[in-house]
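One letter stands for each residue in the lines below.
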Amino acid sequence: MGWVGSSIAISILQSGIVKELLLNDIQKDIAEGEALDLNHSSSFLPSAKVRSAEIEEMKTCRAVIVTAGRGGKPGESRPELLRENIEIARNISRKLIGFEGLLIVVTNPVDALTHFYRVYTGLPEHRVIGTGTFLDSARLREIIGDRLKVDAKSIHADVIGEHGDTAVVMWSRAMVGSIPLRSWDGWSADYENDIEREVRNAAQEIIKRKGATNHAIGLVTATLIKWLLRDERRVLTVAVELTGQYGLKNIALSLPCLISADGIERIICPDLTDQETEKLMRSAREIDKTIQNGAQSGS
Ligand SMILES: NC(=O)c1ccc[n+]([C@@H]2O[C@H](COP(=O)([O-])OP(=O)(O)OC[C@H]3O[C@@H](n4cnc5c(N)ncnc54)[C@H](O)[C@@H]3O)[C@@H](O)[C@H]2O)c1
C-alpha cells in the first residue's frame, strides 16, 4: 500500500468493480490507515467495504494485486530492484498457496517477477498476469495522439516485450482509427525514434521529479482488473509466461493477449517486421538475463 498500491485502490473503488477490497502492507499501520481513509469516500463512490487484512485471507479473493516491494531510484535500472523484490515474491507466494484467483503483478522488474510469482505460487501461466507494457502502450498512445492532435483513444498502437529499456514499439501495426499510422497525413518516420525514447524514459522523468510513478499505473491496473472480472474479452498488451510463442519459453514478457474472467485466454503473435522481431529477441534476452540473475541471487 505504498504509492502504487494506494493509487490502484482508489482507482478500483472509482471503477465500482468490487464489493470488498482487502489491503495489506508489511507496515500494518499503512494498510490500516489507507483502509480508514478510503472508507471515507463511501458517500461519493459505488459502495464497497475496504479493510486491512493478512495476505492469507486473500486466498478466497477473485484477484490479488501485488505492488509490494521497493520502487526505483533515479538512475537505477529495473533489474537492480530484483534482488530485494524477489525475496518478497517468495514470501508472499508462500502465503498464497491454494489461491485460485487471478494474480496481477505490478512490482518491478515486472516481467521477471511475473515469471517468479508463477514459479513460486505454482499457479498456471494464464492466471499470473503482469501489467507489463500495458502502461507503456498507454504512454505511447498519449504521445502519438498529442503529436497528431488526435485523442489517444483513437490511436491503436502497442508496445511489446520488456517493460523497460528494451521495450519494442510495433510501429508497423500502429493505426489511427482505421488508417495505418505510417500513412497518416502529417506523420513522419522521423518522429519514431524520439517517441520511442520518450516512452522508454517516461518513468525516470517522473521519478526524477516526484520520487515515484503512481496515477497512470493505478488506472492501468484498475482497468485491467475491471476488464478481467467483467469478462470483457479485450485484447491488450500484458506480461505472461510464454510457452513457445516466437520460440520463447520460461520467460514472461508482454504480447497482445485476449483476456477473459479466467485470465489470459490467448497469446497473440502478430506478424512483425524483421527489425521488430530482432528487437523483441533482444528484449527477451534482457529479461532472461534478469531471471537468471534473480535465480542465482535466490538460490
Ligand atoms: N509495472 C509498472 O508499470 C509499475 C509502475 C510503477 C511502479 N511499479 C513498481 O511498483 C512497486 C511499488 O512501488 P511504490 O512506488 O508503490 O513503492 P513504495 O515503496 O511506495 O511501496 C511499496 C510498499 O510495499 C510494502 N512492502 C514491502 N515488502 C512487503 C511485503 N513483504 N508484504 C507486504 N508489503 C510489503 C512496503 O512497506 C511499501 O509500503 C515498485 O517495484 C515499482 O517499481 C511498477
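Residues numbered from 1 in each chain as written. Predicted model: local features only at pLDDT ≥ 70, side-chain atom pairs only at ≥ 80, totals over all residues.

## Some details on helix α1 (residues 3-15)
Along its 13 residues, α1 runs 19 Å from first to last C-alpha, staying within 8% of the 18 Å computed at 1.5 Å per residue. When we look at burial in α1, the residues that qualify are Val4, Gly5, Ser6, Ser7, Ile8, Ala9, Ser11, Ile12 and Leu13. Backbone geometry just after α1 places Gly16 at a positive phi near 75°. (Helix = DSSP H or I, 4+ residues; strand = E, 2+ residues; numbered from the N terminus. Expected span 1.5 Å × (residues − 1). Buried ≥ 20, exposed ≤ 12 C-beta atoms within 10 Å, placed from the backbone.)

## Things to note about the pairing of strand β12 (residues 249-260)
Judged from the eight bridges that link them, strand β11 (residues 235-243) and β12 form a sheet pairing that is antiparallel. Note on β12: the bridge partner recorded for Val235 is Leu258. Hairpin geometry of β11 and β12 is characterised by an intervening segment of five residues between the two adjacent antiparallel strands and by a positive phi of about 120° at Gly244. Count of turn residues in the β12/strand β13 (residues 263-267) antiparallel hairpin: two residues. (Pairing = 2+ DSSP bridges.)

## A few points about the domain arrangement of the protein chain
Splitting the protein chain by domain gives domain 1 (3-130) and domain 2 (134-297). In this assembly, 38 residues from domain 1 lie in contact with 36 residues from domain 2. For the side of domain 1 that touches domain 2, the secondary-structure elements that each account for two or more residues are α1, β3 (63-66), α3 (82-95), β4 (102-105), α4 (110-121) and β5 (128-130). Counting residues per element, the side of domain 1 that touches domain 2 draws most heavily on α1, at eight residues. Here the side of domain 1 that touches domain 2 is built from residues that sort into 21 nonpolar, 10 polar and seven charged. (Domains from an automatic or database assignment. Contact = placed C-beta atoms within 7 Å. Nonpolar A, V, L, I, M, F, W, Y, C, P; charged D, E, K, R; others polar.)

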